[in-house]
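So you can see what is in the structure, the chains are spelled out below.
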Amino acid sequence: MFQLDVKSAFLHGNLEEEVYVEQPQGFVVAGEENKVYRLKKALYGLKQAPRAWYNRIEQYFAATGFEKCPYEPTLFVKKVGESTLLVSLYVDDVMYAGNDAGLIQEFKRSMEAQFEMSDLGMMKYFLGVEVYQSTSGIFISQPKYAKEVLQRFNLLECNYAKNPMVSRTKFTKAGDGNLVNATEYKQLIGSLLYITATRPDIMYFVCSLSRYMEAPTRLQMMAAKRVLRYLKGTINHGIWYKREGGEDCLQGYTDSAYAGDVDDRKSTSGYVFFLAGGAISWGSKKQPVVTLSTTEAEFVAASHCAT
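Here's what I pulled together on the structure shown here. Along each chain, the written sequence defines residue order, and numbers are assigned to residues from 1. Under the rules for a predicted model, residues below a pLDDT of 70 receive no local features and side-chain atom pairs below 80 are neither given nor counted, while totals for whole chains, interfaces and linings still include all residues. Values shown for side chains rest on all heavy atoms present in the structure; no hydrogens or waters enter the calculation.

### So, helix α6 (residues 218-233)
Item 1. For the purposes of this entry, the term helix denotes a DSSP run of H or I that reaches at least four residues, the term strand denotes a run of E that reaches at least two, and both are numbered from the N terminus. Helices are assigned an expected span. That span is 1.5 Å times one less than the residue count. For α6, which comprises 16 residues, the first-to-last C-alpha distance of 23 Å matches the rise-based estimate of 22 Å (1.5 Å per residue) to within 8%.
Item 2. Exposure classes here rest on a 1.4 Å probe applied to the protein chains alone. A residue is buried below 20% of its type maximum, exposed above 50%, and partly exposed in between. Where α6 is concerned, the buried positions are Q220, M221, A223, A224, V227, L228, Y230 and L231.
Item 3. Any two residues whose heavy atoms approach within 4.5 Å at even a single point are treated as in contact. The secondary structure elements touched by the buried residues of α6 are α3 (143-152), α4 (182-195) and α5 (203-209).

### Quick look at the pattern of salt bridges
Item 1. Counted as salt bridges are all cases of a side-chain nitrogen of Lys or Arg within 4 Å of a carboxyl oxygen of Asp or Glu. One pass over the full model with this rule turns up 8 salt bridges.
Item 2. One salt bridge in this structure joins K68 and E58, with 2.8 Å as the shortest N-O distance. Here the residue K68 occupies a position in strand β4 (residues 67-68), and E58 occupies one in helix α1 (residues 49-63), the gap between them amounting to 10 residues.
Item 3. Judged by relative accessible area, K68 falls into the partly exposed class, the value being 40%.
Item 4. Judged by its relative accessible area of 22%, E58 is partly exposed.

### Let's talk about the packing of α1 against helix α2 (residues 101-114)
Item 1. Two elements in contact, α1 and α2, have axes whose closest approach is 12 Å; the angle formed by their N-to-C orientations is 135 degrees. As judged from the angle between their axes, α1 and α2 are oblique. Crossing hand, α1 versus α2: right-handed. For the pair formed by α1 and α2, the contact residues are R56, I57, Y60 and F61 on the first element and F107, S110, M111 and Q114 on the second.
Item 2. Class assignment of the residues belonging to the contact of α1 with α2 gives a composition of 5 nonpolar, 2 polar and 1 charged. Comment: axis = line fitted to C-alpha atoms, over the contacting stretch for helices; angle = value between 0 and 180 degrees taken between N-to-C directions. For classification purposes, an angle smaller than 35 degrees is called roughly parallel, one larger than 145 roughly antiparallel, one from 65 to 115 roughly perpendicular, and anything else oblique. The handedness criterion is simple: a crossing whose near helix is rotated anticlockwise from the far helix by less than a right angle is left-handed, and one whose near helix is rotated clockwise is right-handed. Three categories are distinguished: nonpolar for Ala, Val, Leu, Ile, Met, Phe, Trp, Tyr, Cys and Pro, charged for Asp, Glu, Lys and Arg, and polar for the others, with Gly belonging to the last.

### A few points about the packing of aromatic side chains
Item 1. Stacked, tilted and edge-to-face pairs are distinguished by plane angle, under 30 degrees for stacked and over 60 for edge-to-face with tilted covering the rest, among Phe, Tyr and Trp rings (Trp via its six-membered ring) whose centres lie within 6.5 Å. Per the stated rule, a full pass over the model turns up 17 aromatic pairs.
Item 2. Taking 6.4 Å as the distance between ring centres and 40 degrees as the angle between the ring planes, the aromatic pair formed by F139 and W240 counts as tilted. Taken as a pair, F139 in strand β11 (residues 137-141) and W240 in strand β12 (residues 238-242) lie far apart in primary sequence, 101 residues in all.
Item 3. Overall, the relative accessible area of 22% leaves F139 in the partly exposed class.
Item 4. Classification of W240 as partly exposed rests on a relative accessible area of 29%.
Item 5. Taken together, F2, W53, Y60, F61, F66, F76, Y96, F107 and F115 form an aromatic cluster joined through their ring pairs.

### Concerning the environment of K242
Item 1. By the element assignment, K242 lies in strand β12.
Item 2. For K242, a relative accessible area of 40% puts it in the partly exposed group.
Item 3. Sequence-wise, K242 and A9 are 233 residues apart; in three dimensions their C-alpha atoms are separated by 34 Å.
Item 4. Discounting chain neighbours no more than four positions away, the residues touching K242 are S136, G137 and A276.

### Remarks on the sheet that holds strand β9 (residues 125-126)
Item 1. Two strands form a pair only when DSSP identifies at least two bridges running between them. Pairing within the open sheet is antiparallel, and its 4 strands lie in the order β9-β10-β11-β12. Both edges of this open sheet fall to β9 and β12, since each of them pairs with a single strand only.
Item 2. Pairing geometry for strand β10 (residues 129-134) and β11, over 5 bridges, is antiparallel. Each bridged residue has a counterpart across the sheet, and for Q133 the counterpart in β11 is I138.

### Focus: a nonpolar patch on the surface
Item 1. A cluster of nonpolar side chains, contributed by Y90, V91, L127 and Y194, occupies part of the molecular surface with about 350 Å² of accessible area.
Item 2. Examined against the element boundaries, V91 turns out to sit in the loop between β6 (83-90) and β7 (93-98).
Item 3. With relative accessibility at 40%, the residue V91 sits in the partly exposed group. Patches here are clusters of residues that have more than 30% relative accessible area and form no salt bridge, with a 9 Å joining cutoff for like charges and a 5 Å cutoff for nonpolar side chains (Val, Leu, Ile, Met, Phe, Trp, Tyr). Here the accessible surface of atoms and residues is derived via Shrake-Rupley with a 1.4 Å probe, and residues count as covered only by protein chains that are part of the display.

### Focus on α2
Item 1. Taking 1.5 Å per residue as the helical rise, α2 with its 14 residues ought to reach 20 Å, and the 20 Å between its terminal C-alpha atoms agrees with that figure.
Item 2. Considered for burial, the residues of α2 that qualify are L103, I104, F107, K108 and M111. Buried residues of α2, viewed axially, fall in a sector of 135 degrees; they line one side. Exposed positions of α2 whose direction lies more than 90 degrees from the buried face are A101, R109 and A113.
Item 3. Pairing of N or O atoms within 3.5 Å defines a polar contact, subject to two protein rules: one partner must be a possible hydrogen donor and the other a possible acceptor, and residues neighboring in sequence count only if both atoms are side-chain atoms. N-capping of α2 is provided by D100, with a side-chain oxygen placed 2.8 Å from the backbone N of G102. Directions drawn from the helix axis to the C-beta atoms are what define this arc.

What follows is the structure, given as structure tokens:
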């Protein structure tokens, strides 16, 4: 998997609307001080700029033989015989991978001819996620980001916990009655939710704690910090995708916690999908209806998983 960075990406976007800007200071044309410029290309700061850039790059992909994935609008696929090239776009970052070195080099040269690019080589770090690639597979984790979160909440030197939550712990909106700083709690939960991008093992606990961000109590804050203490002891954990030896078929698992919410007696659904030996999709969410039996809760969870 490789990575390219488009320099000044938004400036490549073509504007369809009429947009005018004042002459910038230091570049005012003498004798025409009262005139303005009409933009043909987008500028940073325009609300049209992201859409204009996406339309521009989408047109380029369409013209070079790519097809947009109907389920993920930022994923583009190109097939030439038995060769396949996958390209994923995130604003001005382009990630690409394929099974044909010639096709990969052709795409890279085409992008560099069309846009001003920075070749970042093999992907190693992206949006807080560290990527290790080898001949045996790909490993993704977030140890650097996790350390930053631990330091932010003064838990970098804490003792680690062996599990993210004490077994059979139940939370309520009333809790122990002692309210804590809601802003700090929201920041903590938000940081933990981002870490779940590579840590399915804490997904259920973090999602359960996220239900109490409106008025968190001391008990819920202690539980959230316990998840951080668990991360301290498992900071290098992540997801390993095997190049060979992993399951080629998609495998999915689902389960439910019947009437686990003490406040409204709703159940919680959970699911995880595996491919190539590693998890590729997972989630935990409270069910929208109150189920009347464990069997009904299981059916709701299975239906959610299937969709």
